[in-house]
Amino acid sequence: KQSGALKRKLQSPRGNPPVKRKCKLSINTLRKGATEADRREEASSSQKPAPKKQLTGKQNESQKSRPFIKTSSLFKNNPDIPEIHRIEVQQPQENIFTTDSFSQLDLHPHLISTINNVLNICSMTSVQKQTIPVLLQGRDALVRSQTGSGKTLAYGIPLVQSLQGMECKVQVGPTAFLVIKKNHCWSRFSFLKSEKARLRKGINILISTPGRLVDHIKSTECIHFRRTQWLIIDEADRILDLGFEKDVAVILNALNAERDTRQNVLLSATLTEGVTRLADISLNDPISISIADEIQKLPEPASQTDREASSSSNCMEQENFAVPETLQQYVMVVPSKLRLVTLAAFILQKCKFEKHHKMIVFFSSCEQVEFYHELLGKVLSGGSESEQPGHSSLSSVNLQFLRLHGDMEQEERTEVFQEFLKSKTGILLCTDVAARGLDLPQVTWIVQYNAPASPAEYIHRIGRTARIGCRGSSLLVLAPSRIGSLLASHKINVSELKMEKVLASLMKDDRFKLHRPGRKKSCGKNPQEVRERATVLQTKFENHVHSSEETVQWAKKALQSFLCAYTTYPKELKHIFHIKSLHLGHVAKSFGLRDAPQNLTALPAAGSKRKTKPTPKRSDLLKKTHGKRRLAEILRSEYSSGMDTAGAKVKKKKKRRKQRKAGIQQIPT
Ligand SMILES: Nc1ncnc2c1ncn2[C@@H]1O[C@H](COP(=O)(O)OP(=O)(O)OP(=O)(O)O)[C@@H](O)[C@H]1O
C-alpha cells in the first residue's frame, strides 16, 4: 500500500492519481497482432507457479535453452511517443583545416620537421593557424574552437618553440611552464614517484589538476614560480564546473606573488559565463580567438570590454556551440521500460551486425557503468544462433565491453584507456570522466544513454567522435518529452532514430527467438516477432539480475544512483527531467528488476569499502536534494558515485583529496 502511495506521489506532481497513458501511434505497429505474446507474458507474470512436469533429459536440455517469457509486457502502458518535429536550425560551423603549412610560421626547423615527419602532420588546423602566431608574439589568448580541432598543438607548438629558444635546455628549472588540465589521467607521460623530489630538482613543464597543485603550493616548500613563463588553462569550463575556481585563484596568487610577467592561455571548446570570468582574472589584455565567430564573419573585438560583450552575446546567452560538420546527430525517444532492450539492440546492430564500429556509451553514475558493464557483457556476448543448422551465424564477432569511471583506480583507468585506444572495435561504458579532453581515434558512435546536464556537456560528449575531420555519429536516448524544441533552441540539429527500427535488429539474432512448436519460419521483420524477441531479451536480463540476491542488490544500487543523478538536473531542465515524472516500476525494468523496489537501500559505491547502511527513503532524498544546485554539480561530476546524499560533502571532500593525490604529471625533458 505504501509503495503504491509513493508511486502515485512520484508520478503526479499535483497529487492526482497517475493517468495510465495508452500507447498510440508509434509503437502501435509493434503492438498489432501481439495479443498472444501479451497473454503469455501476463499469464506468466501473474505469479502463479505453473505445475512442474517431469522432463526427460533431452526435454530438460531443450527447455533450458528455450527462453521462457516471464516478463510483464514491455509494450503496454507506455507513455505516448510524441512526434519529434525536426526544427531545422543553422548550426554554427567551423572549418577545421586550412591549406597552410607549419613552415609558413616562424618556427625552429627541428620543430617543423618533427611535426611533419614524426607527427605526420602537414597542414595547420584553423585554430592552430590563428593561435600559434599570437602565442609566438608573446600575447595572452582566450581560445575557443570545437572538440577535436587540434587545440593541444595550438599551444603545444609555441610552448616547445619557447623551450627550444632557451639557452640552457636541460636545467631550465623550477617549473618553467604550467599546464592545468581538468583531466589529469590521460597523459602519455609517466607519473612521478616522488613529486616533491622532482619539484625540488626543477622541471620544465608541469601538468597538473588545480587541486593537486594547490596541495603542493600549501605543503611543498621547494615549489616556486620565479621562472614560470607560461600558464595554460585547458578545459577551462570544466575546471569551473568541478568547483576548482578557488583553487585556480590560489594558483594565480602564488604565481603573481613571485613573478608578474607571464604568458597566459585559456582554452575550451565551449565558452561559458564562468570561462569569461576566469579569463578576466587570469589573462592580461588577451587576443580572443573563436573559430566559429570567424566563420560567421563576426568582427573581432578590439578591446577586452568589446570581447566580453561579444562573447557574452554569442556564446553565453544562447549557448550555441559549433559541432563538427562530419558529425551526424540522432535522438531516439524510448519509454523507460524499453530502454535497456533498445540499448542492447542498438549495440548489437552497430557492433555485431554492422561491425567496424567503436562506441562510447555515457551513463550518469559509476554504479550504472559497473552494473551495465556486467549485465550487457553477460547477456549479449557470445555468438548469435543461426536459424539453419550448419549455417554459420550472421556474426561470430564477440562484443568487447570496457568500462571507465571515476571510482576506478588510476592504474586500471589507464589500462582501460590504452586498451580501448588500441582496439578497432569495442564498447566503452563510461561516466563523464571520458567526456572531455580524451583523444580516441576511430570512435564512430557516441551514445548518451543518460541525458547530459547541459548543452556544453552534450557537446563535449559527442566531441569524442568526428575528430579532426573524421566521420562520426551520436545518439541521445530520451524518454518521451518536449526535447526537440530544447535542442533546437540551442541550435543543435538532430535527426530522429525510431526505436522500432533499432529493435528490429533483434531479428538477426536467434538467441532471442521465442521458440514455439509448429511455428512457421518467419520472413522479414514481423512486428509481433520483434516484440517477442525484445521480451525474450528483457527476460534474459531479468533472469540474470534475479539469479542471486547479490545481483538484485547491485541492480537496486545502480537504480538508486540513477535516481540520485536524475534529481541533479539544473532547474532550467527540470521541466524535462523531473524525478516526479519517472515511473519507478518502468524505470526498474531498465535495470532488469521485475518490480519497483520497495525500499531502496544504500550500498557501497563501486570500488569503495564503505559498509552498507540504510539510505533515506526516496521521498526524503527528494526533499534533501531539491533545489540544491551545488549538490547537483557534485553529483553529476564524474567523481560522483551518485549515491552519496547524506554526508556527501565530507565524503566528496575526502574523495577529491584522494583523486588529487594522483594529479601531477610531468613531461620529462
Ligand atoms: N594539423 C593537424 N593535422 C592533423 N591532425 C591533427 C592536427 N593537429 C592535431 N591533430 C590531431 O587531432 C586530434 C585532436 O586534437 P586535440 O586533442 O588537440 O583536439 P582538441 O581541440 O584539444 O579537442 P578537445 O576539445 O575535445 O579536447 C589529435 O589526434 C591530434 O594529434
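The structure presented is a predicted model; accordingly, all values stated were derived computationally and were not measured. (Residues numbered from 1 in each chain as written. Predicted model: local features only at pLDDT ≥ 70, side-chain atom pairs only at ≥ 80, totals over all residues. Heavy atoms only, no water.)

Chemist: How should the overall build of the protein be read in this particular structure?
Modeler: Counting secondary structure elements, the protein contains 26 helices and 16 strands. Every one of the 669 residues in the protein was classed for burial, and the buried ones make up 56%. Long-range pairs, those at least 24 residues apart, make up 81% of the contacts in the protein with a sequence separation of at least 6. If you sum the accessible surface of the protein, you get close to 30700 Å²; carbon and sulfur atoms cover 51% of it. (Helix = DSSP H or I, 4+ residues; strand = E, 2+ residues; numbered from the N terminus. Buried < 20%, exposed > 50% of the residue type's maximum accessible area, 1.4 Å probe, protein only. Contact = heavy atoms within 4.5 Å. Areas by Shrake-Rupley, 256 points an atom, 1.4 Å probe, with all protein chains shown as cover.)

Chemist: So what exactly am I meant to see when it comes to the pattern of salt bridges here?
Modeler: Pairing is possible between side chains of opposite charge, provided their charged atoms come close. The final tally for this structure, using the stated rule, is 18 salt bridges. With its nearest N and O atoms 3.9 Å apart, the salt bridge here joins D215 to R212. Here D215 pairs with R212, and both are found in helix α9 (residues 210–219), just three residues apart, close to one helical turn. When the shortest N-O distance is used, the salt bridge between R511 and D509 registers 2.7 Å. The exposure classification of R511 matches that of D509, with both residues buried. Overlapping salt bridges, with partners in common, bring together E370, R403 and E412 in one network. (Salt bridge = Lys/Arg side-chain N within 4 Å of Asp/Glu carboxyl O.)

Chemist: Looking at this structure, I do not really get the site of the ligand. What am I missing?
Modeler: Close to the ligand lie 19 residues, the nearest being S123, Q128, K151, T152 and D439. For the ligand, whose unbound accessible area comes to 640 Å², protein coverage reaches 83%. Contributing elements (two or more residues each) for the shell around the ligand: β2 (123–125) and α7 (151–164). Here the shell around the ligand takes three residues from α7, the largest share from any one element. Partitioning the shell around the ligand into residue classes produces four nonpolar, ten polar and five charged. Here the shell around the ligand gathers at least three residues from each of two domains, domain 1 (97–290) and domain 2 (327–381 + 398–512 + 527–591). (Near = heavy atom within 4 Å. Nonpolar A, V, L, I, M, F, W, Y, C, P; charged D, E, K, R; others polar. Domains from an automatic or database assignment.)

Chemist: Just to check I follow, could you spell out the packing of aromatic side chains for this structure?
Modeler: Aromatic ring pairs are reported here in terms of the distance separating the ring centres and the angle at which the planes meet. One pass over the full model with this rule turns up eleven aromatic pairs. With a centroid separation of 5.2 Å and 15° between ring planes, the pair formed by F363 and Y372 is classed as stacked. The two residues F363 and Y372 agree in class, both being buried. Between F371 and F591 the ring centres are 6.0 Å apart and the planes differ by 25°, which places this aromatic pair in the stacked class. Pair noted here: F371 is in helix α16 (residues 366–380) and F591 is in the loop between α23 (584–589) and α24 (618–625), with a separation of 220 residues, a long-range link. Residues F371 and F591 agree in their burial class; the two are buried. An aromatic cluster of at least three residues, connected via ring pairs, comprises F363, F371, Y372, Y449, F562, Y566, Y569 and F591. Looking at R339, its charged tip hangs above the ring of Y449, at a distance of 4.4 Å from the centre. Sitting above the plane of the F420 ring, K358 keeps its charged end 4.9 Å from the centroid. (Phe/Tyr/Trp six-rings, centres within 6.5 Å; stacked < 30°, edge-to-face > 60°. Lys NZ or Arg CZ within 6 Å of the ring centre and 35° of its normal.)

Chemist: I would appreciate a short explanation of the sheet that holds strand β10 (residues 358–362) in the present structure.
Modeler: In sheet architecture, strand pairing relies on hydrogen bonds along the backbone and comes in two forms, parallel and antiparallel. One open sheet accounts for seven strands, arranged β11-β12-β10-β13-β14-β9-β15; its pairing is parallel. In this open sheet, the two edge strands, each paired with only one partner strand, are β11 (401–404) and β15 (495–496). Sheet analysis places strand β13 (residues 445–448) next to strand β14 (residues 472–478), joined by four bridges and oriented parallel. From the neighbouring strand, W445 faces β14, where its bridge partner is S473. In the packing of helix α15 (residues 339–354) onto the sheet, the strands contacted are β9 (327–333), β10, β11, β12 (426–430), β13 and β14, and the crossing angle to β10 comes to about 165°. Across the face of the sheet, helix α18 (residues 455–462) comes into contact with β9, β10, β13 and β14 while running at roughly 150° to β13. (Pairing = 2+ DSSP bridges. Axes fitted to C-alpha atoms, helices over the stretch in contact; angles between N-to-C directions.)

Chemist: Where do I start with unusual backbone geometry in this structure?
Modeler: Phi at Q442 is positive, roughly 70°, even though this residue is not glycine. Along the chain, Q442 falls in the loop between β12 and β13. According to the relative accessible area criterion, Q442 is partly exposed, its value standing at 49%. Unusually for a residue other than glycine, I468 sits at a positive phi of about 45°. Locating I468 in the fold gives a position in the loop between α18 and β14. For I468, a relative accessible area of 37% gives the class partly exposed.

Chemist: Help me understand the domain arrangement of the protein in this model?
Modeler: How big an interface is tends to be expressed through the accessible area that disappears when the partners come together. For the protein, the domain assignment lists domain 1 (97–290) and domain 2 (327–381 + 398–512 + 527–591). Inspection of the region where domain 1 meets domain 2 yields zero salt bridges. The interface formed by domain 1 and domain 2 contains two residue pairs in polar contact (both at pLDDT 80 or more). Here the side of domain 1 that touches domain 2 takes three residues from helix α10 (residues 236–241), the largest share from any one element. Counted by class, the side of domain 1 that touches domain 2 contains five nonpolar, eight polar and five charged residues. (Polar contact = N/O pair within 3.5 Å; in protein donor to acceptor, adjacent residues only side chain to side chain.)

Chemist: Just checking my understanding: could you explain the side chain of K151 for this structure?
Modeler: Mapping K151 onto the fold places it in helix α7. With no salt bridge to any partner, buried K151 finds its closest opposite charge in D234, at an N-O distance of 6.5 Å. Here Q146 takes part through its backbone oxygen, which lies 3.1 Å from a polar atom of the side chain of K151. If near-sequence neighbours (up to four positions away) are discounted, K151 is found in contact with V127, S145, Q146, L267, S268 and A269. (Lys, Arg positive; Asp, Glu negative; His and termini not counted.)

Chemist: Please explain the pairing of strand β3 (residues 141–144) as it appears in this structure.
Modeler: Consecutive residues of a regular strand have side chains that alternate between opposite faces of the sheet. The alternating pattern of β3 places A141 and V143 and L142 and R144 on opposite faces, both of which are buried. As judged from the four bridges shared by β3 and strand β7 (residues 263–268), these two strands associate in the parallel manner. Across the sheet, V143 pairs through a bridge with L267, a residue of β7. Across four bridges, the pairing between β3 and strand β8 (residues 287–290) is parallel.

Chemist: Would you mind showing me how to read the nonpolar core here?
Modeler: Most often, soluble globular proteins keep nonpolar side chains buried together rather than apart. Residues Y372, L376, L380, L503 and F541 are the most contacted members of the largest nonpolar core, which totals 82 residues. In terms of residues, this core owes the most to one element, α15, which gives ten residues. Dropping the residues within four chain positions of it, F541 is found in contact with L340, V341, A344, L375, L376, V379 and L380. (Core = buried A, V, L, I, M, F, W, Y, C linked by side-chain atoms within 4.5 Å.)

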